[in-house]
Structures are given as C-alpha cells and as structure tokens.
Amino acid sequence: MSARIDLTGQKFGRLTVIEPHGHSKNGNQRWLCQCKCGNMKVVDGYRLRHGTTLSCGCLRNEVSRYHLLTNEKTREQIGRIESLKSTWHPKSTDLRSANKSGVTGVNFDTFQNKWIARLYWKGSYRLNRSFRNKGDAIQARLDCEKQYLD
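Structural notes, computed from the coordinates. Keep in mind it's a predicted model, so treat the numbers as computed, not measured. (Residues numbered from 1 in each chain as written. Predicted model: local features only at pLDDT ≥ 70, side-chain atom pairs only at ≥ 80, totals over all residues. Heavy atoms only, no water.)

## Digging into the nonpolar core
Among the nonpolar cores identified, the biggest contains 13 residues, and V106, A117, L119, L127, F131 and A137 are the most heavily contacted of them. Those residues in contact with L119 that sit more than four places away from it in its chain are S124, Y125, R126, L127, R141, C144, E145, Y148 and L149. Counting 10 residues, the second-largest nonpolar core is a separate cluster that includes L7, L15, V43 and L48. (Core = buried A, V, L, I, M, F, W, Y, C linked by side-chain atoms within 4.5 Å. Buried < 20%, exposed > 50% of the residue type's maximum accessible area, 1.4 Å probe, protein only. Contact = heavy atoms within 4.5 Å.)

Shown next, in the form of structure tokens:
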C-alpha cells in the first residue's frame, strides 16, 4: 500500500484543501475542501491532483452564465417560450423524425424483443416498462400522459 499524499492546505483551482474525509469506493482519499465562494465540498484526491475538479460547482455556473448571455442566438430566444414548448415533455402526437413506432415514448427494443414505453417527468421516470404487445405499450404511454401531462 502506498503512502497517502497529504494535500492539506494546498489549492486546486478555487478549492483549498482543509482535511482528509474518508475514502471513495475505489480507495482514493477524499478531501474536505473550501471553495473561494465559501461553499464546502468533499472531493476525490485524484480529481484534485489532475485538475478535474476546480470548484464546488460555482465555476461551471459562471462559465455557463457567461456563454448563455454572450451567445447572440441564445439571447434572441430568451423570453420566447413558444419556441421551446414543443421540446418540453412531448406528447404522443409530437414525433421525432427517427420514431418508428408512431408514438413518442414508445420504441421497440431489439435486444429484449419487446416494446418499451417511457415517460420522464420532473426528474424521474413515471413510466419505464416493457410490453410484448405494441398496443399495450402505446396505451400505457397514453394513460401516463393523461396523468402527468394534461
């Protein structure tokens, strides 16, 4: 077993290492760090040393905000809710060009040799089941749409 590298007090991006904080599943040392913005975050030592993690997440938010506000095409669309409505929680009548079943959220899985019906709503699957019959999969999707999308 190799000796642990002590990172206490070292800075990596916006993070300053405070103290050891256990080990990750793969055995790497984890470290409690304080971000420049004041937030605390536990980070794998490998990710610190290799520059994969540089902040608590605030850096990503700042970079995303910068790109969002400086992209002219995006700025033109801010506030135009109509242009985004069809991409949010599509109903069975809103088909993608690659759809072969005729119903959004229903597709054939050749590996299982079954029809799969799915509906993802507010961060989790409300429907994710397989069916032998295409009609049953379509009906399950339509029933789930009535429950969550209407």
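## Things to note about the pattern of salt bridges
For the coordinates displayed, the defined rule picks out two salt bridges. In this structure, the salt-bridge partner of R14 is E62, at a minimum N-O distance of 2.9 Å. Placement of the pair is R14 in the loop between β1 (11-12) and β2 (15-23) and E62 in helix α2 (residues 58-70), with a sequence separation of 48 residues. Here R141 ties to E145 by a salt bridge, and the two come within 2.9 Å at their closest N and O atoms. Here R141 and its partner E145 are both found in helix α5 (residues 134-148), four residues apart, which amounts to about one turn of the helix. Among the residues examined, R141 registers a relative accessible area of 4% and is labelled buried. (Salt bridge = Lys/Arg side-chain N within 4 Å of Asp/Glu carboxyl O. Helix = DSSP H or I, 4+ residues; strand = E, 2+ residues; numbered from the N terminus.)

## Quick word on the packing of aromatic side chains
For the structure on display, the rule yields two aromatic pairs. On the numbers, 5.0 Å between centres and 75° between planes, the contact of Y120 with Y125 is edge-to-face. Overall, the relative accessible area of 46% leaves Y125 in the partly exposed class. (Phe/Tyr/Trp six-rings, centres within 6.5 Å; stacked < 30°, edge-to-face > 60°.)

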